[in-house]
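So you can see what is in the structure, the chains are spelled out below.
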Amino acid sequence: MDFAEIARRLELETLYTDYAACLDSDALERWPEFFTEDCRYRVTSAENYEAGLPLGLIYATSQNMLRDRVSALRDANIYEPQRYRHLISGIRIERADAGMLDATANFLVVRTMQDGGMMLFAAGRYVDRVVRAEGGWKFAGKDVVLDSRQIDTLLAIPL
Amino acid sequence: MDFAEIARRLELETLYTDYAACLDSDALERWPEFFTEDCRYRVTSAENYEAGLPLGLIYATSQNMLRDRVSALRDANIYEPQRYRHLISGIRIERADAGMLDATANFLVVRTMQDGGMMLFAAGRYVDRVVRAEGGWKFAGKDVVLDSRQIDTLLAIPL
Amino acid sequence: MDFAEIARRLELETLYTDYAACLDSDALERWPEFFTEDCRYRVTSAENYEAGLPLGLIYATSQNMLRDRVSALRDANIYEPQRYRHLISGIRIERADAGMLDATANFLVVRTMQDGGMMLFAAGRYVDRVVRAEGGWKFAGKDVVLDSRQIDTLLAIPL
């Protein structure tokens, strides 16, 4: 492991950490900025992912579609008095080219309701393509592959 | 990212890792040593934290108060046959000055009862001030910001 | 922290990350390759571990025994339609010698059933001896110390 590899790895960790902090603090308006303009973002089940089925619970093919999704979530204006907490671990670089990485990571999202009840909300892994862009690393592709086939929520929130 | 930044980041991770290991092994007598003498330690809810309310479930303004708390917990001598396991991830350096860092991190604490039952005990984030002291980095301030408003426990244990 | 220390630490993280990815993707045939030929692998409870009791839920004293265990699991051919997700954090180097490390880490395993139900499956810590071998770091010893005394499963799967 040389110095450039170490720096790249820690930069990648920082990307995931910032991503989780953005979602957990409900700063959804900043969420699309983690992606490139022509990004692909998808939430799908492990079952569908392994079967090669293209679509998912959420499917977007540009940063603008992500912005639209956030607007829709805000407009729906459903008061969901819960908090989400992302635990991301096991970040792996599967392939590295100049300015481009394929990375995977495990995630667990815990939901806390206003009355204090806590539940496991989602577990799975990210299968991502990360590229070096202006302002640092960004997601050119992100597959959120859920271990379960369904997710208990009124609205499909970003994961 | 230069070498000093990388080293600092890994030292910070070590601090959180050692902190979690201390609590999970019930080595509470060593817990105050993670703090400076004039530290501020607080456990509060996200709701109170965001509203700027100063107090919390636990509030201490010195290392000695932390020692007193541990003594009180030991004297209470309530046999609580459970184990706690901390998962800490997403350590972020929010601000760095010479010998001082503002850092945040996500945590999840799982409780296992003697009969094998497991539950999500607490989730939230640490909002910390870390300073370089004799013997390495220490917490000068630690806000344990819980996602829930309450916590299911007989005694307010350190988190 | 010098450069060699940093590199070693990140190599160790990679070992745990690869280990978790192997188990979570049900690539059990590759699991024994994370161990040396004369390895010791054990799954035990914290209670037994602290009492110094030698045996456990699973006890193996060679890589071949691990291979046999995987064969037995495959032959049993019980269709268990669940997925496991490992969250590993708090990797600590307890002792470092030339080509050998004693390391501990916290883990949480979440199980997702085919119907979408999720549960905390296991929490605890790894108490490991890691050695530098051909092809990178391997486990010469791994104690999987569970916080609970029992584990809810038909078959003792690798952890």
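These numbers come from a predicted model, not from an experiment.

### Points about the pattern of salt bridges
Then, number 1: Using the criterion set out here, one finds 42 salt bridges over all chains in the structure.
Then, number 2: A salt bridge links R42 of chain A to D143 of chain A, with the nearest nitrogen and oxygen atoms 2.8 Å apart. Of this pair, R42 of chain A sits in strand β1 (residues 35-45) while D143 of chain A is found in strand β6 (residues 136-146), placing the two residues 101 residues apart along the sequence.
Then, number 3: What makes D143 of chain A buried here is its relative accessible area of 6%.
Then, number 4: The closest approach of N and O atoms between E50 of chain C and R83 of chain B, which form a salt bridge, is 3.1 Å. Placement of the pair is E50 of chain C in helix α2 (residues 46-50) and R83 of chain B in strand β3 (residues 82-97), with the two residues belonging to separate chains.
Then, number 5: Classification of R83 of chain B by relative accessible area gives partly exposed; the value is 25%.
Then, number 6: Salt bridges sharing common partners tie together R95, D97, D102 and R129 of chain A.

### Brief notes about the pairing of strand β6 (residues 136-146) of chain B
All names here are of chain B.
Then, number 1: In terms of residue burial, β6 counts as a mostly covered element, since nine of its 11 residues are buried.
Then, number 2: Direction of pairing for strand β1 (residues 35-45) relative to β6: parallel, over a ladder of seven bridges. From the neighbouring strand, R42 faces β6, where its bridge partner is D143.
Then, number 3: Adjacent in sequence and paired antiparallel, strand β5 (residues 118-133) and β6 are bridged by two residues, among which G135 carries a positive phi angle near 85°.

Parameters at a glance
- Residues numbered from 1 in each chain as written.
- Chains lettered and ligands numbered in written order.
- Predicted model: local features only at pLDDT ≥ 70, side-chain atom pairs only at ≥ 80, totals over all residues.
- Heavy atoms only, no water.
- Salt bridge = Lys/Arg side-chain N within 4 Å of Asp/Glu carboxyl O.
- Helix = DSSP H or I, 4+ residues; strand = E, 2+ residues; numbered from the N terminus.
- Buried < 20%, exposed > 50% of the residue type's maximum accessible area, 1.4 Å probe, protein only.
- Pairing = 2+ DSSP bridges.

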